[in-house]
Amino acid sequence: MTTEHLRAVIESTSTALHYTEEWTSILPLPKMFNLTAFRNYPFSEKLFTVPEGRKGSMFYTFTGITRLYLQGTVDYFSPDQTPNHHLRCSLEPSDTGTVVESMGGSTDGTYTENLMDLCDARNLSPSISYTLNFTLETISGQPVYLDRLLIEPTPSFDIDKTTVIMDGRHTMIQYDSKWDGSQYELRTTNKTQAKMILDFNGTSVRWVAFWHRSMAAGSSMASWRVDDSAFQTFNLPAIDTTDDDTVYLEDQLFETSDFPFGEHRLEVVHLGPESLRPLSLHHLVIEKSAQVHLGPSPSPSTSSGSIPSGHSTPTNNDESNGLSQGAKIAIGVSTSIVDENGSNHSKL
């Protein structure tokens, strides 16, 4: 599989991530599903954070990657600009030309966002084995939550059992002649019986559209199936064209049921009517198997920048006031606000 227009995802619960010291895991809090405040939905089923007055580190050892984002939820209030947390990202070895940037600390006022870049490591050599060290110290409250790693892989990175985000422009996706290219990296169609096909390895697929309110119309219909199963009809909700037309929306239109891991074929057909909302594709989330060791992550040594021996296991706080994965799926259509330039703060 070509890695162009493809990102690999490592969720917070992956065994490839090694947590030390004072981490705790929670289900995403209900307020994090308020898109007006947090812009996107959380991605991982659990988020990891550090209790007030404590510090924790996370290590990830990898190779075959050219760029890596560590993303999470930020939720803080600092009216007097007093820092309520400190975070730091470092990479070993630190090569000439390699750039590692960390999100800044607290700013004046309130700031909330899901899937915000906490660390950005770029200009990486795919032939070198690196260890990422992310350290979070919480001074007051719980302002930062670790969600996922988003990776730009090379062909040497093992994506066979890694959740991937596939851009709608990927060459594996087959569109018939009724589909059009569009702005904002979309593929779109308003033609009845327009079809797309994807042969993939995995267990399920999520379809994510991306739409501008000024281009939207009334509700229309489409259907999907995997392999020889019956077609399942889904709704393309109407978008209110009277709202501010500089606002963009990202919609999760459907998620397939789970299938045994292996090779499958996804077919999607637009049903119309042609005069109403077109079907669009921004990207697909292709799930593989849950909580596996993702990608080539050699066991690190205890040298500088690697995982110290005797690290602690994060607390599993499932009793937190959050939503289960099933509850998240039951939400139905997901929507995230994108800025007026058409770019979502979360990467593909």
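Note that the structure is a prediction, hence the values are computed from the model and not measured.

(A) Geometry of the side chain of E267. Within the secondary structure layout, E267 lies in strand β21 (residues 262-272). Polar contacts involving the side chain of E267 include one to the side chain of K195, which spans 3.4 Å. Every residue in contact with E267, bar those within four places of it in the chain, is listed here: K195, M196, I197, S223, W224, R225, D227 and F231.

(B) Representation of the nonpolar core within the structure. Membership of the largest hydrophobic core comes to 62 residues, with the highest contact counts inside it found for M58, Y60, F134, M196 and W207. Sorting elements by how many residues they give to this core places strand β6 (residues 65-78) first, with 5 residues. In terms of domain composition, this core takes at least three residues from each of domain 1 (6-162) and domain 2 (168-287). Discounting chain neighbours no more than four positions away, the residues touching M58 are L17, H18, Y19, W23, L70, L132, N133, F134 and L146.

(C) Looking closely at the pairing of strand β23 (residues 283-287). Buried residues dominate β23, accounting for 5 of its 5 residues. Burial along β23 is two-sided: H283, V285 and E287 facing one way and L284 and I286 facing the other are all buried.

(D) Layout of the sheet that holds strand β7 (residues 85-92). With antiparallel pairing, the 4 strands of this open sheet are ordered in space as β2-β5-β10-β7. The strands lining the two open edges of the sheet, one partner per strand, are β2 (18-21) and β7. Strand-to-strand twist in this sheet, taken as the mean axis angle between neighbours without regard to direction, amounts to 15 degrees. Two strands pair when backbone bridges link them, and β2 and strand β5 (residues 55-62) are joined in this way by 4 bridges, in the antiparallel orientation. Directly across from T20, in β5, lies its bridge partner S57.

(E) Structural detail: the packing of aromatic side chains. All chains considered together, the criterion is met by 11 aromatic pairs. When the centroid spacing of 5.3 Å and the interplanar angle of 70 degrees are considered together, the rings of Y19 and W23 count as edge-to-face. For Y19, a relative accessible area of 5% translates into the label buried. Overall, W23 belongs to the buried group, its relative accessible area being 3%. One residue, R148, lies across the ring of F43, its end atom 4.8 Å from the ring centre. The ring of Y175 is capped by R187, whose NZ or CZ atom sits 4.1 Å from the centre of that ring.

Thresholds applied
Residue numbers run consecutively from 1 along every chain, following the written order of its sequence. The model is predicted, so local features are restricted to residues of pLDDT at least 70 and side-chain atom pairs to those at 80 or more, both for listing and for counting; the totals for chains, interfaces and linings are taken over all residues. Hydrogens are left out, water is left out, and the side-chain values use all remaining heavy atoms of the structure. In this description a helix means any DSSP run of H or I spanning at least four residues, a strand means any run of E spanning at least two, and both kinds are numbered starting from the N terminus. The term polar contact refers here to a pair of N or O atoms within 3.5 Å; inside protein, the definition further demands a hydrogen-donor-capable atom paired with an acceptor-capable atom, and it admits residues adjacent in sequence only when both atoms are side-chain atoms. By definition, residues are in contact when any of their heavy atoms lie within 4.5 Å. Among the buried residues, those of types Ala, Val, Leu, Ile, Met, Phe, Trp, Tyr and Cys that are joined through side-chain atoms within 4.5 Å form a nonpolar core. Accessibility here uses a 1.4 Å probe with only protein chains present; expressed as a share of the type maximum, an area under 20% marks a residue as buried, one over 50% as exposed, and anything in between as partly exposed. Source of the domain bounds: an automatic or database domain assignment. Between any two strands, pairing holds if DSSP finds at least two bridges. Note on geometry: axes are C-alpha line fits, over the in-contact stretch for helices, and angles between N-to-C directions span 0 to 180 degrees. Pairing of aromatic rings covers Phe, Tyr and the six-membered ring of Trp, with a centre-to-centre limit of 6.5 Å; geometry is then stacked below 30 degrees between planes, edge-to-face above 60, and tilted otherwise. Note on criteria: charge over ring means Lys NZ or Arg CZ within 6 Å of the ring centre, with the direction from the centre no more than 35 degrees off the ring normal.

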